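# Notes for the structure review
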Amino acid sequence: MRISDLTIACLLLFVGAPQGARAQDFANGQPPLPPRPIPGIALPEPGSSRSAVSDEAVIAPAPNTPTAHSALPFVPFSNAREALRAWMRDSSAGDQVGAVRALEYAAAQGHLTAQYKLGRMYAGGEGVPANDLKAFEYFSKIADENADAAPGTAAGRMVGSAFVALGSYFADGIRGSYVKPNPDRAFDMFNYAASYFGDPDGQYNLARLYMKGQGTARDPRQAARWMKLAAEKGHAPARAAFGEMLLRGGEGVPRQPVLGLMWLAMARDGADPVRESWIIERHDAAFAAASVADRQAATALLERQQLAGSGSPAMQR
């Protein structure tokens with residue numbers, strides 16, 4: 001799940017600790033247990049040398065000072081709020097060095113949104129050199145300290161997104177680092193993001209693990225269940241994958257070609273034509289291979305759903 005930079009800018013000053021009751025009901029009346037702490041490496045104090053540690057060393061914290069992640073000169077701020085104001089001022093003025101310095105100070109003070117923003121920046125190389133290990137360590141800090149954030153809140157959405165990012169890192173590993181491919185831990189991360197936070201990216205990735213039998217036993221029915229939940233939230237890749245499941249049928253999933261075509265059409269409507277061109281290709285191939293009657297029925301069903309404003313069409317009986 002991507003959280004817009006405008007939303008982050010607003011949250012940086014106003015998001016505090018999550019309050020109130022959970023915004024989500026759970027099947028057994030109890031929330032799922034969070035995954036065990038994420039092994040990482042402690043970041044050094046300024047001026048210290050970094051020593052080698054094992055994969056199972058300690059939980060990776062965010063930097064203790066602004067210089068722990070960069071060689072930028074230390075410029076003290078009175079508190080995190082002052083640093084965040086400096087971040088927004090420097091960002092607007094095009095001073096990327098000052099902006100990163102201020103953001104790292106706020107993150108070191110435990111400010112969730114600053115930590116999340118830095119994780120995203122290092123993961124995508126946005127204003128800083130791309131560094132997946134630094135991103136992993138920020139997301140680890142978020143997940144380890146905020147696993148009980150209230151679902152449905154701004155904080156909950158960021159924490160859920162951090163769990164999804166960690167799942168992806170555990171799935172592939174980070175070359176040249178202590179983060180090795182670990183399907184079991186990837187499953188833990190995606191499962192918690194999907195089941196506790198209801199994160200559609202987490203649900204989509206969890207469904208893929210169930211389909212492949214990675215980190216868990218292969219279970220097509222569970223894959224379809226999680227894929228459908230993500231599809232109902234407007235997740236374009238999940239809509240495409242769920243549509244293809246219904247087109248194929250089998251393995252506990254009823255074959256429903258009309259509904260499958262409809263989900264593929266909804267996926268195509270929401271797909272990014274550059275990053276998700278595969279969705280458009282699969283939609284076009286499926287519609288070309290379908291009968292005229294099925295295409296017409298799927299189009300009519302899609303139009304009814306659009307008129308009703310619903311993204312959750314009922315399964316055909």
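Scroll up to find the structure.
Residues numbered from 1 in each chain as written. Predicted model: local features only at pLDDT ≥ 70, side-chain atom pairs only at ≥ 80, totals over all residues. Heavy atoms only, no water.

### What to know about the overall build of the protein
Regarding its fold elements, the protein presents 13 helices and 2 strands. When each of the 317 residues of the protein is scored for burial, the buried share is 49%. Element-wise, carbon and sulfur atoms account for 52% of the exposed surface of the protein, whose accessible area totals about 15,200 Å². (Helix = DSSP H or I, 4+ residues; strand = E, 2+ residues; numbered from the N terminus. Buried < 20%, exposed > 50% of the residue type's maximum accessible area, 1.4 Å probe, protein only. Areas by Shrake-Rupley, 256 points an atom, 1.4 Å probe, with all protein chains shown as cover.)

### A short note on helix H11 (residues 257-270)
In an α-helix there are 3.6 residues to a turn, and that puts residues three or four apart on one side. For H11, which comprises 14 residues, the first-to-last C-alpha distance of 20 Å matches the rise-based estimate of 20 Å (1.5 Å per residue) to within 8%. When you tally the buried positions in H11, you get 11 out of 14 residues, the bulk of the element. Along H11, the residues that are buried comprise Pro257, Val258, Leu259, Gly260, Leu261, Met262, Trp263, Leu264, Ala265, Met266 and Ala267. Each element contacted by the buried residues of H11 is listed here: helix H9 (220-232), helix H10 (236-248), helix H12 (277-289) and helix H13 (292-308). (Expected span 1.5 Å × (residues − 1). Contact = heavy atoms within 4.5 Å.)

### Considerations on the packing of aromatic side chains
By convention here, two paired aromatic rings are described through the distance between centres and the angle between planes. Using the criterion set out here, one finds 13 aromatic pairs in the structure. Between the aromatic rings of Phe136 and Phe170, the centroid separation amounts to 5.5 Å while the plane-to-plane angle is 80°, which identifies the pairing as edge-to-face. Taken together, the residues span a long stretch of sequence, with Phe136 in helix H5 (residues 132-146) and Phe170 in helix H6 (residues 154-172) at a distance of 34 residues. A residue is classified by how much of its surface remains accessible, and Phe170, at 6% relative accessible area, is buried. A centroid spacing of 5.7 Å and a plane angle of 85° characterise the contact between Phe187 and Tyr210, whose relative ring orientation is edge-to-face. Here Tyr210 lies in helix H8 (residues 200-212) and Phe187 lies in helix H7 (residues 183-195), a separation of 23 residues in the sequence. (Phe/Tyr/Trp six-rings, centres within 6.5 Å; stacked < 30°, edge-to-face > 60°.)

### Observations regarding H13
For H13, with 17 residues, the first-to-last C-alpha span of 24 Å sits near the 24 Å given by 1.5 Å per residue. Among all positions in H13, only Ala298, Leu301, Leu302 and Gln305 are buried. All buried residues of H13 lie within an arc of 100° about the axis, which places them on one face of the element. Exposed side chains of H13 directed beyond 90 degrees from the buried face belong to Ala293, Gln296, Arg304 and Leu307. Against H11 and H12 lie the buried residues of H13. (Arc of directions from axis to C-beta.)

### Here's the deal with the environment of Ser140
Looking at the element boundaries, Ser140 is found in helix H5. Considering only alpha carbons, one finds Ser140 and Leu166, 26 residues apart in sequence, at a separation of 7.2 Å. For Ser140, the side chain forms a polar contact with the main-chain oxygen of Phe136, separated by 2.7 Å. (Polar contact = N/O pair within 3.5 Å; in protein donor to acceptor, adjacent residues only side chain to side chain.)

### Describing the side chain of Ser177
Secondary-structure assignment places Ser177 in the loop between H6 and H7. On the basis of relative accessibility, which here comes to 9%, the residue Ser177 falls in the buried class. In terms of polar contacts, Ser177 uses its side chain to reach the backbone carbonyl oxygen of Ile174, at 2.8 Å. Here Val179 takes part through its backbone nitrogen, which lies 3.0 Å from a polar atom of the side chain of Ser177.

### Some details on the nonpolar core
Formed by 86 residues in total, the largest nonpolar core has its most connected members in Phe136, Phe139, Phe163, Met227 and Trp263. For this core, the element with the most residues is H6, which contributes 10 residues. For Met227, the residues in contact, after removing those within four places along its chain, are Tyr204, Ala207, Arg208, Met211, Ala238, Ala241, Phe242 and Met245. (Core = buried A, V, L, I, M, F, W, Y, C linked by side-chain atoms within 4.5 Å.)

### A few points about unusual backbone geometry
A positive phi angle, close to 50°, is found at Glu251, a residue other than glycine. On the secondary structure map, Glu251 appears in the loop between H10 and H11.

Without other data, these values stay purely geometric and don't point to any function.
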